[in-house]
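Breakdown of the fold
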Amino acid sequence: MKQFGIDISADEVIDTLSFFDSWEDRYRYIIDLGKELPSMPESLQTEANQVKGCQSLVWLAEHKEQGKLMFEADSNSHIVRGLLAVVLAAYNGKAPNEILAFDIDAYFDALNLIRHLSPSRGNGLRSMVKRIQDTAAAQAA
């Protein structure tokens, strides 16, 4: 199975989404990305790993491998799993300083994503990003 951020990069997500003309097709692609996201073990679906501020249930856990942060994520929503995959394409398998240096706003602008999400989905997406950035900041310190 391909790993987001390692085998599937942020640039690849941008390139693939640019091929689609309609947002209906883009949403379908994002949902398909979510289907490629490995399921998180139930043992990690804890309150401590739950991302607050999301409309759906979202869990995010991390561990470090050779100085790189590796994330496991899951949600009970298909579109949110897809959004997690989009975020992990940018952050997974990166060193904390790479995560902190990555311009997530420019990435989302290139995807033209935020304006096509409901306000609650947009807030949830920002909560996921903040959780990853906070983790990277704590690891970089």
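Residues numbered from 1 in each chain as written. Predicted model: local features only at pLDDT ≥ 70, side-chain atom pairs only at ≥ 80, totals over all residues. Heavy atoms only, no water.

Packing of helix α1 (residues 10-18) against helix α2 (residues 23-36) leaves a shortest axis separation of 10 Å and a crossing angle of 145°. Here the hand of the crossing between α1 and α2 comes out right-handed. Across the interface between the two elements, V13, T16, L17 and S18 from α1 touch R26, Y29, I30 and L33 from α2. For the contact of α1 with α2, a count of residues per class yields five nonpolar, two polar and one charged. (Axes fitted to C-alpha atoms, helices over the stretch in contact; angles between N-to-C directions. Helix = DSSP H or I, 4+ residues; strand = E, 2+ residues; numbered from the N terminus. Left-handed = near helix turned anticlockwise from the far one by under 90°. Contact = heavy atoms within 4.5 Å. Nonpolar A, V, L, I, M, F, W, Y, C, P; charged D, E, K, R; others polar.)

Of all hydrophobic cores here, the largest spans 40 residues; its most connected members are V13, Y107, F108 and L113. At eleven residues, the largest contribution of residues to this core is made by helix α3 (residues 78-91). With near-sequence residues (within four places) excluded, V13 lies in contact with I8, Y29, L33, V86, A89, Y107 and L111. (Core = buried A, V, L, I, M, F, W, Y, C linked by side-chain atoms within 4.5 Å. Buried < 20%, exposed > 50% of the residue type's maximum accessible area, 1.4 Å probe, protein only.)

Considering the arrangement of structural elements, one finds M128 in helix α6 (residues 119-140). C-alpha of M128 to C-alpha of V87: the two residues are 41 residues apart in sequence and 8.1 Å apart in space.

So, about the pattern of salt bridges. Opposite charge on two side chains lets them pair, provided their charged atoms get close. Across all of its chains, the model carries six salt bridges by this definition. One salt bridge in this structure joins D25 and R28, with 2.9 Å as the shortest N-O distance. Here D25 pairs with R28, and both are found in helix α2, just three residues apart, close to one helical turn. With a relative accessible area of 28%, D25 lands in the partly exposed category. By relative accessible area, R28 is classed as partly exposed at 41%. Two residues, D74 and R81, come together in a salt bridge whose shortest N-O distance is 2.3 Å. As far as burial versus exposure is concerned, D74 and R81 are alike and both buried. One salt-bridge network, in which partners are shared between bridges, spans E24, D25 and R28. (Salt bridge = Lys/Arg side-chain N within 4 Å of Asp/Glu carboxyl O.)

With that settled, consider the pairing of strand β1 (residues 58-65). When a strand is regular, its side chains alternate between the sheet's two faces. When β1 meets strand β2 (residues 68-75), the two strands line up antiparallel, connected through eight bridges. Residue A61 lies in a different strand from β2, and its bridge partner there is E72. Connecting the antiparallel pair β1 and β2 is a turn made up of two residues, with Q66 showing a positive phi of about 50°. (Pairing = 2+ DSSP bridges.)

Attention now moves to the UniProt feature "domain: Fe-S metabolism associated" (unreviewed entry) in the protein chain. Feature annotation in UniProt places "domain: Fe-S metabolism associated" (unreviewed entry) on residues 15-134, given in this structure's numbering. The distance from the first to the last C-alpha atom of residues 15-134 is 28 Å, and the span holds 52% helix and 13% strand. (UniProt positions renumbered as here; feature names shortened; annotations may be inferred.)

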